[in-house]
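One-letter residues, chain by chain:
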Amino acid sequence: MTKRHILCIGAHPDDNEISIGGTAALFRQRGDEVHFVSVTNGDKGHFYQEYIKHPTFLAERRLKEAQQGARAIGATYETLGVHDGEVYVDKATTEAVVRCIRRFGEAGKGPDLVLFNRPQDYHRDHRYTSQLVLDATYMLTVPMMCSDTPHLDRMPVFAYWYDDFSEVTPFRADVVIPIDSVLDKKTEMVCAHASQVFEWLPYNAGTLDKVPPKSDPTARFAMIKEALGKRGKWRHEHTREMLEKQGNAEGVECAEAFQICQYGRVPSAEELRELFPI
């Protein structure tokens, strides 16, 4: 079986697990190499006074959480170290993304597949991270761009993960992956980001009082699994037509969906089925 190299690029340390953790787990089960990248170090996503005074403490904690989440499926992780909330499309960060993509995978080939969010998004860090990846695509094959890192001889496939934003154009499901069999594993990965899913995000949403105590990890796991299950079921319902077209809709409750980006290599229908764990 061919081992593929799957690169997942998010703006924040928990973006990959929450958005595509199930598919990433299936890639790893298939024997593929999976690498998570966060453009930021996540040093602003909290409300504790110690983190407000010392953002590096939060960055250090989130690094450990991200490494733990990746380890849950045998993936690897790195951050480009940009401060949270300060992602901009500039020369330095664009070149960092070019080098990052070129380094992963076989020399000259790079990753087989790069997964990231669409540029239509509520969060500026997300939008600009997407734009950075899009701006990097063509430059990956240009020898004199970031010449200290060998250029690629071929273009990887780039694919957006699912979102429900329709401000510019709605998401188009080109491939849908059932994740029921790995929902527990995805939950484990997401739970590793405790500073976010049990602290910052509930605080930001005004639901902190509904989070089970740290002394009850079983209840915490159940809370996150229920939330991810609802998210996955909703996505499945909105992409059912593609699942039926793929021929794997029977018995599916949860799914993750992807849209092929035209800026990279556009695979044939046959290659698409081989590339993704359908």
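Analysis parameters
- Residues numbered from 1 in each chain as written.
- Predicted model: local features only at pLDDT ≥ 70, side-chain atom pairs only at ≥ 80, totals over all residues.
- Heavy atoms only, no water.
- Helix = DSSP H or I, 4+ residues; strand = E, 2+ residues; numbered from the N terminus.
- Rg over C-alpha atoms; globule rule 2.2 N^0.38 Å.
- Buried < 20%, exposed > 50% of the residue type's maximum accessible area, 1.4 Å probe, protein only.
- Contact = heavy atoms within 4.5 Å.
- Areas by Shrake-Rupley, 256 points an atom, 1.4 Å probe, with all protein chains shown as cover.
- Lys, Arg positive; Asp, Glu negative; His and termini not counted.
- Charge placed at Lys NZ, Arg CZ, Asp CG, Glu CD.
- Pairing = 2+ DSSP bridges.
- Axes fitted to C-alpha atoms, helices over the stretch in contact; angles between N-to-C directions.
- Polar contact = N/O pair within 3.5 Å; in protein donor to acceptor, adjacent residues only side chain to side chain.
- Phe/Tyr/Trp six-rings, centres within 6.5 Å; stacked < 30°, edge-to-face > 60°.
- Lys NZ or Arg CZ within 6 Å of the ring centre and 35° of its normal.
- Parallel < 35°, antiparallel > 145°, perpendicular 65-115°, else oblique.
- Nonpolar A, V, L, I, M, F, W, Y, C, P; charged D, E, K, R; others polar.

Student: Looking at this structure, I do not really get the overall build of the protein. What am I missing?
Tutor: A tally of regular secondary structure across the protein gives 10 helices and seven strands. At 18 Å, the protein has a C-alpha radius of gyration in line with the 19 Å of a compact globule built from 278 residues. With respect to the principal axes defined by its C-alpha atoms, the protein has extents near 50 × 50 × 40 Å. Of all 278 residues assigned to the protein, the portion counted as buried reaches 54%. In the protein, the share of contacts with a sequence separation of at least 24, taken over all contacts with a separation of at least 6, comes to 78%. For the protein, the accessible surface area stands at approximately 13,100 Å², while carbon and sulfur atoms represent 52% of it. Separation between the mean location of the 34 positive side-chain charges and that of the 41 negative ones in the protein comes to 2 Å.

Student: What's the story with the sheet that holds strand β7 (residues 255-260) in this structure? I'm lost.
Tutor: Strands in a sheet are paired, the pairing made by backbone hydrogen bonds, and the direction either parallel or antiparallel. Taken together, seven strands build an open sheet; the order of strands is β3-β2-β1-β4-β5-β7-β6 and the sheet is mixed. Single-partner strands in this sheet number two, and they are β3 (76-82) and β6 (175-178). Shown here is a sheet whose adjacent strand axes are inclined to one another by a mean of 25°, direction ignored. Inspection of the sheet shows strand β4 (residues 113-116) paired to strand β5 (residues 157-161) by four bridges, in the parallel sense. Note on β5: the bridge partner recorded for Leu113 is Val157.

Student: Just to check I follow, could you spell out the side chain of Ser130 for this structure?
Tutor: Position of Ser130 among the secondary structure elements: in helix α5 (residues 124-139). There is a polar contact of 2.8 Å between the side chain of Ser130 and the backbone oxygen of Asn117. Beyond its immediate sequence surroundings of up to four residues, Ser130 is in contact with Phe116, Asn117, Arg118, Pro119 and Tyr160.

Student: In this structure, what is going on with the packing of aromatic side chains? I would like to understand it.
Tutor: On inspection of all chains with the given rule, the structure shows 12 aromatic pairs. Consider the rings of Phe47 and Tyr48, whose centres lie 5.0 Å apart with planes at 75°: the pair is edge-to-face. Note on Phe116 and Tyr160: the rings are 5.0 Å apart at their centroids and 50° apart in plane angle, and the pair reads as tilted. Within this pair, whereas Phe116 is found in strand β4, its partner Tyr160 is found in strand β5, the two being separated by 44 residues in sequence. Members of the aromatic cluster, joined through ring pairs, are Phe47, Tyr48, Tyr51, Trp200 and Tyr203. The side chain of Arg220 reaches across the aromatic face of Phe198, ending 4.4 Å from its centre.

Student: Explain the packing of helix α3 (residues 55-71) against helix α7 (residues 194-205) to me, please; I cannot follow it from the model alone.
Tutor: Any two packed helices are characterised by the angle at which their axes cross and by the distance between the axes. Closest axis-to-axis distance for the α3/α7 pair is 9 Å, and the angle between their directions is 125°. Put simply, α3 runs oblique to α7. Contacts between α3 and α7 pair Leu58, Arg61, Arg62 and Glu65 from the former with Ala194, Ser195, Gln196 and Glu199 from the latter. The residue makeup of the contact of α3 with α7, split by class, is two nonpolar, two polar and four charged.

Student: Whenever I open this one, helix α6 (residues 183-191) confuses me. Can you help?
Tutor: Structural remark: α-helix, 3.6 residues per turn; residues separated by three or four positions point the same way. Restricting attention to buried positions, one finds in α6 the residues Leu183, Lys186, Thr187, Met189, Val190 and Cys191. Here the buried face of α6 lies against α1 (15-30), β2 (33-40), α3, α7, α8 (217-238) and β7.

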